[in-house]
Amino acid sequence: MDLSFLVDEGLEQLPAFATSLAIGLLIGLERERRPEAKAGLRTFALVSLFGTLSAMLSEKTGSPWILAVALLATGLMIIAAYFQDDAAQADPGTTTVAAVLVAFCLGAVVWFGHAKLALMLAIVSTILLYFKTELKGLTERLTRTDLVSILQFAVLSLVVLPILPDRGYPPFDALNPHQVWLMVVLIAGVSLAGYIALRLFGPRAGAPLLGVLGGLVSSTATTTVYARHARNQEDMTALSAVVILLANLVVLVRIGVLIAFAAPGVLPALAPVLGTALATGFAATLLRWRGIGHGGGTPMPQVTNPTEIRTALVFGAAYAIVLVLAAWLNRLFGAEGLYAVAAVSGLTDVDAITLSAARLFELGQLHAREAAIAIALALLANLVFKLGIVMAIGGSRLARSCGLPMLAIGFGALVGLTVPGALA
């Protein structure tokens, strides 16, 4: 169909107004559901169109004041609607006022050529409006410590990270302050997500979810806590074993995510290691799963705030030390030096050597196969350390429950190293 006549008649801007109309209808549809709101489907559609029209007139006339005055008039209009209605005193209408102004601005954004961005923001705005009850409940369940954790993460990622220099320093040009701190932010972000989820869902979660979330925050802490529970209450041995095993299986997924972000080129060599370890470990864990109950009352692992500045500094220092040590020994003794560092550092922390191997790979000082072997050695060392915790704290009964599945994880990792993809 030939639509060129539309251009000839100056209607080439119709798609922009259609997009603006869709944005207004989308936000208005949500507000229409709320009787107390003074703006609904039609009002939001008109406001969004008004935003686009004001932006067009402002651009065509070269006068930005048209857009500014239109925005002010829109805000005053919706505020006046609430002041005129005494019944609306129970609802101050601030959310609707804000939504109207957002709809106007999104309409203006469409005119300036950012229709996709405007649509995305409209969808996000509608989600925020729709899930009012859920978001309110979410904030009520967060404690002061949780909010402090979020703010501390914001400092780590949005204040500290941007000001650090992004270049390599000796020795071996391996120390890049921006890169080191980016890894700190990555670890803190993954841990914070698990920490918040654990705080929100932990009291109502069963053993599987607790194991997964505990593994995201700290598999070592989760292992220690549930080993202690198994020692104090013999009837919790089976449940503790499942939580511990799942937490350590999540470590495999966590390593995969870290590598995918830090050094995607290592994934082809590492994927068989993680995949086979995950498969054999999960199969063995399923055998233990049958022995636990699925009722409530599962104790939560007590983990510390993962975004504390001291915690971040300790990890950053550990990562930098492992990185330099690995680069130095790799330079002196080749891959064997790196493997020694991996075996030792992996006893207590897999993240540092994982990210160090990724960094050395990105610097061209390490092959993907060597990085995968180093990570596998760190994983095996970490499993040995966790099994030691289980035996020392949880006792022989818990050790018997966790021993075979943990050995299965280690065996799977070793098998994965023999896969052609891992050796290429």
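As the structure is a prediction and not an experimental result, all values here were calculated from the model.

> Explanation requested: the environment of Leu-313 in the structure shown.
Considering the arrangement of structural elements, one finds Leu-313 in helix α13 (residues 309-333). Given a relative accessible area of 48%, Leu-313 falls into the partly exposed group. In this structure the C-alpha to C-alpha distance between Leu-313 and Val-184, which are 129 residues apart in sequence, comes to 8.2 Å.

> Sorry, what's going on with the confidence of the model for the protein here?
A low pLDDT means the predicted coordinates there should not be read in detail. This prediction gives the protein a mean pLDDT of 82; 86% of its residues lie at or above 70. Here helix α1 (residues 4-8) is the element of the protein with the lowest mean pLDDT, 47, and helix α16 (residues 368-394) is the one with the highest, 91.

> Looking at this model, I keep getting lost on the packing of helix α3 (residues 41-61) against helix α5 (residues 94-111). Mind explaining?
A packed helix pair is summarised by two numbers, namely the angle formed by the two axes and the spacing between the axes. One way to put it is that α3 packs onto α5 with a least axis distance of 7 Å and a crossing angle of 45 degrees. Considered as vectors, α3 and α5 are oriented oblique to each other. α5 is crossed by α3, and the crossing has right-handed handedness. Together, Phe-44, Val-47, Ser-48, Phe-50, Gly-51, Thr-52, Ser-54, Ala-55, Met-56, Glu-59 and Lys-60 of α3 and Thr-96, Ala-99, Val-100, Ala-103, Phe-104, Gly-107, Ala-108 and Trp-111 of α5 make up the contact between the two elements. Here the contact of α3 with α5 is composed, by residue class, of 11 nonpolar, six polar and two charged.

> Would you mind going over a nonpolar patch on the surface with me for this structure?
Taken together, the side chains of Leu-26, Ile-123, Val-124, Ile-127, Leu-128, Tyr-130, Phe-131 and Leu-135 present a nonpolar region at the surface, about 690 Å² in accessible area. Element by element, the count of residues in the nonpolar patch is highest for helix α6 (residues 115-130), at five residues. Relative to the assigned elements, Tyr-130 resides in helix α6.

> Even after reading the chapter, I still don't get the pattern of salt bridges, so can you show me in this structure?
One side chain can pair with another of opposite charge once the charged atoms of both are near each other. Applying the stated criterion across every chain yields a total of two salt bridges. Glu-30 serves as the salt-bridge partner of Arg-31, at 2.9 Å between the closest nitrogen and oxygen. No difference in accessibility class separates Arg-31 from Glu-30, as the two residues are buried. Between Asp-351 and Arg-254 there is a salt bridge, and its shortest N-O distance comes to 3.1 Å. Of this pair, Asp-351 sits in helix α15 (residues 350-362) while Arg-254 is found in helix α11 (residues 237-262), placing the two residues 97 residues apart along the sequence. Assigned by exposure class, Asp-351 and Arg-254 land together as buried.

About the criteria used
Counting restarts for each chain, with residues numbered from 1 along the sequence as it is written. Under the rules for a predicted model, residues below a pLDDT of 70 receive no local features and side-chain atom pairs below 80 are neither given nor counted, while totals for whole chains, interfaces and linings still include all residues. Side-chain descriptors were evaluated using all non-hydrogen atoms of the structure, hydrogens and water having been removed beforehand. Runs of E in the DSSP output that reach at least two residues are strands. Runs of H or I that reach at least four are helices, and both are numbered from the N terminus. Any residue under 20% of the maximum accessible area for its type is buried, any over 50% is exposed, and the rest in between are partly exposed; the area is computed with a 1.4 Å probe on protein chains only. The quantity known as pLDDT measures the predictor's confidence residue by residue, on a range of 0 to 100. Geometry is summarised by axes, namely lines fitted to C-alpha atoms with helices restricted to the contacting stretch, and by angles between N-to-C directions that run from 0 to 180 degrees. Roughly parallel means an angle under 35 degrees; roughly antiparallel, over 145; roughly perpendicular, 65 to 115; everything else is oblique. Crossings are classed by handedness, with left-handed meaning an anticlockwise turn of the near helix from the far one by less than a right angle and right-handed meaning a clockwise turn. When checking whether two residues touch, look at their non-hydrogen atoms; a contact exists if any pair is within 4.5 Å. When residue character is reported, Ala, Val, Leu, Ile, Met, Phe, Trp, Tyr, Cys and Pro are called nonpolar, Asp, Glu, Lys and Arg charged, and the others, Gly included, polar. Exposure above 30% relative accessible area and no salt bridge define the residues that can form patches, which grow by joining like charges within 9 Å and nonpolar side chains of Val, Leu, Ile, Met, Phe, Trp and Tyr within 5 Å. Only the protein chains shown count as cover for residues, and the accessible areas themselves come from Shrake-Rupley with a 1.4 Å probe. Here, a salt bridge means any Lys or Arg side-chain nitrogen found within 4 Å of an Asp or Glu carboxyl oxygen.

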